[in-house]
Amino acid sequence: MSSSKSHEQIWDEWKDLVNMQPAELEDWLDTEESKSVGDSDDGESTGHKSGRRIVKIKRTNKDDLSDDQWDHMGKVVGYIKRHLSQGGPEDDVKDSSWRYSLMNWGHDPLKD
């Protein structure tokens, strides 16, 4: 999947939307809550796999990102935007599948 956005557009949106730090995301991905959400064919959900890729991307210098990483960043930005636009639950956002799914993609909606 190749994005029609420029690398700069993707970078700006990525910096705004992916608000979890690599260590924080790694810790989250180790939890049962993280593993409890998303679609999975082989035991690991798409979002969980994405989270592991996001950690690597966040630990890579911008100038060293591969085309594949840029494509994934565009996919992550699109997912987060779509998921946020659906709106979360009215009650108990903290422990919702909606939040857990977003966190697998590197965005915690409860962070400022």
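This text goes with the structure placed above it.
Below is a summary of the structure that appears in this document. Residue numbers restart at each chain and count upward from 1, following the sequence in its written direction. With pLDDT at 70 or above as the cut-off, local features in this predicted model cover only qualifying residues; side-chain atom pairs require 80 or more to be listed or tallied, and sums for whole chains, interfaces and linings still use all residues. Side-chain metrics rest on all non-hydrogen atoms present in the structure, leaving aside hydrogens and water.

1. Re a negative patch on the surface
Taken together, the side chains of Glu32, Glu33, Glu90, Asp91, Asp92 and Asp95 make up a negatively charged region of the molecular surface. Along the polypeptide, Glu32 turns up in helix H3 (residues 32–35). Think of it in three bands: with a 1.4 Å probe and only protein chains considered, a residue is buried below 20% of the maximum accessible area for its type, exposed above 50%, and partly exposed in between. Overall, the relative accessible area of 59% leaves Glu32 in the exposed class. Every patch collects residues that have over 30% relative accessible area and no salt bridge, joining them within 9 Å if they carry like charges and within 5 Å if they are nonpolar side chains (Val, Leu, Ile, Met, Phe, Trp, Tyr). Using a 1.4 Å probe, accessible areas were evaluated by the Shrake-Rupley method; residue-level cover was limited to the displayed protein chains. We define a salt bridge as a side-chain nitrogen of Lys or Arg found within 4 Å of a carboxyl oxygen belonging to Asp or Glu. Only four residue types enter the charge count: Lys and Arg as positive, Asp and Glu as negative, with His and the chain ends excluded. Positions of charges follow a simple convention, taking NZ of Lys, CZ of Arg, CG of Asp or CD of Glu. Numbering goes from the N terminus for both helices and strands, where a helix is a DSSP run of H or I of at least four residues and a strand is a run of E of at least two.

2. Regarding helix H4 (residues 46–58)
Counted at 1.5 Å a residue, the expected span for H4 with its 13 residues is 18 Å, and the 18 Å between its end C-alpha atoms agrees. Where H4 is concerned, the buried positions are Gly47, His48, Ser50, Gly51, Ile54, Val55 and Ile57. The secondary structure elements touched by the buried residues of H4 are helix H1 (7–17), helix H2 (22–29), H3, helix H5 (67–86) and helix H6 (97–104). Between the first and last residue of a helix there are one fewer steps than residues, each counted as 1.5 Å, and that sum is the expected span. We call two residues in contact whenever any of their non-hydrogen atoms come within 4.5 Å of each other.

3. Thoughts on the environment of Ser96
Relative to the assigned elements, Ser96 resides in the loop between H5 and H6. With a relative accessible area of 8%, Ser96 lands in the buried category. In this structure, the C-alpha to C-alpha distance between Ser96 and His7, residues 89 residues apart in sequence, is 32 Å. Under the rule applied, a polar contact is a pair of N or O atoms within 3.5 Å (in protein, one hydrogen donor and one hydrogen acceptor; residues adjacent in sequence only if both atoms are side-chain atoms). Polar contacts involving the side chain of Ser96 include one to the main-chain carbonyl oxygen of Val93, which spans 2.8 Å. At 3.1 Å, the side chain of Ser96 and the backbone nitrogen of Arg99 are in polar contact.

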